[in-house]
Amino acid sequence: MKNDKYIDTNFNLVVGNVLKKKREEKNISLEELSAKINFKVKRQALFYYETGRSKIKVNTFIDICNALNLNPNDIFDEINIKYIKNATLDNEESLAKAN
């Protein structure tokens, strides 16, 4: 059960990091992003998503992608690639410590 939470936490961190990077590349503040999604999500909640402190709902993820003029499928592909890469690195580190 603990591993499920660990995977979920890591996935949320990757989602948040990718969304933050994309938002910053477009020079959009959290306040501006909140306004672009009609204040469905407040600035603080967006911050929590970006830092992995809160789980993001699929609809919110799509709203954010649309507000940033991003294709949600492309962003999800990028998230999956980073998540798998991080998981692989974590497994390699665990194996190295065990040996």
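Everything discussed here concerns the structure shown above.
Computed from a prediction, not measured in an experiment: that's the story for all the values here.

Visitor: Help me understand the overall build of the protein in this model?
Guide: A count of helices and strands for the protein gives five helices and zero strands. Going from the N terminus to the C terminus, the protein shows its helices and strands as α-α-α-α-α. By residue count, 31% of the 99 residues in the protein fall in the buried class. Taking all contacts inside the protein whose residues are at least 6 apart in sequence as the whole, residues at least 24 apart take part in 63%. Accessible surface for the protein amounts to roughly 7000 Å². Of this, 52% is attributable to carbon and sulfur atoms.

Visitor: What's the story with the nonpolar core in this structure? I'm lost.
Guide: Here is a general trend for soluble globular proteins: nonpolar side chains tend to be buried in one another's company. One finds Leu19, Leu46, Phe61, Ile64 and Ile75 to be the most contacted residues of the largest nonpolar core, which totals 21 residues. Those elements that provide at least two residues to this core are α1 (2-25), α2 (30-36), α3 (43-50), α4 (58-67) and α5 (72-98). Leave out the neighbours within four places in its chain, and Leu46 touches Leu30, Leu33, Ser34, Ile37, Val41 and Ile64.

Visitor: What am I meant to see in the packing of aromatic side chains here?
Guide: How two aromatic rings sit relative to each other is set out by the distance from centre to centre and by the angle between their planes. All told, the structure shown has four aromatic pairs when counted by the stated rule. Between Phe11 and Tyr83 the ring centres are 5.2 Å apart and the planes differ by 85 degrees, which places this aromatic pair in the edge-to-face class. Within this pair, whereas Phe11 is found in helix α1, its partner Tyr83 is found in helix α5, the two being separated by 72 residues in sequence. One aromatic cluster in this structure is built from Phe11, Phe61, Phe76 and Tyr83.

Visitor: Help me understand the side chain of Arg23 in this model?
Guide: When you line up the elements, Arg23 lands in helix α1. Here Arg23 falls in the buried class, since its relative accessible area comes to 7%. Apart from residues no more than four positions distant in its own chain, Arg23 is found in contact with Ile28, Ser29, Leu30, Leu33, Glu50 and Leu68.

Criteria and thresholds
- Residue positions are given per chain, counting from 1 as you read along its sequence in written order.
- Restriction of local features to residues with pLDDT of at least 70 applies here, the model being predicted, together with a cutoff of 80 or more for giving and counting side-chain atom pairs; totals for whole chains, interfaces and linings are based on all residues.
- In computing side-chain values, all of the structure's heavy atoms are included and hydrogens and water are not.
- Helix numbering and strand numbering both begin at the N terminus, where a helix is a DSSP run of H or I of at least 4 residues and a strand a DSSP run of E of at least 2.
- Exposure categories follow from relative accessible area, calculated using a 1.4 Å probe and restricted to protein chains: below 20% of the type maximum is buried, above 50% is exposed, and the middle band is partly exposed.
- Two residues qualify as a contact provided that any one of their heavy atoms is within 4.5 Å of a heavy atom in the partner residue.
- Method for areas: the Shrake-Rupley scheme with a 1.4 Å probe, in which residue coverage is limited to the protein chains shown.
- By nonpolar core is meant a set of buried Ala, Val, Leu, Ile, Met, Phe, Trp, Tyr and Cys residues that side-chain atoms within 4.5 Å join together.
- Here the aromatic set is Phe, Tyr and Trp, taking the six-membered ring for Trp, and pairing holds for ring centres within 6.5 Å; pairs whose planes are under 30 degrees apart are stacked, those over 60 apart are edge-to-face, and all others are tilted.

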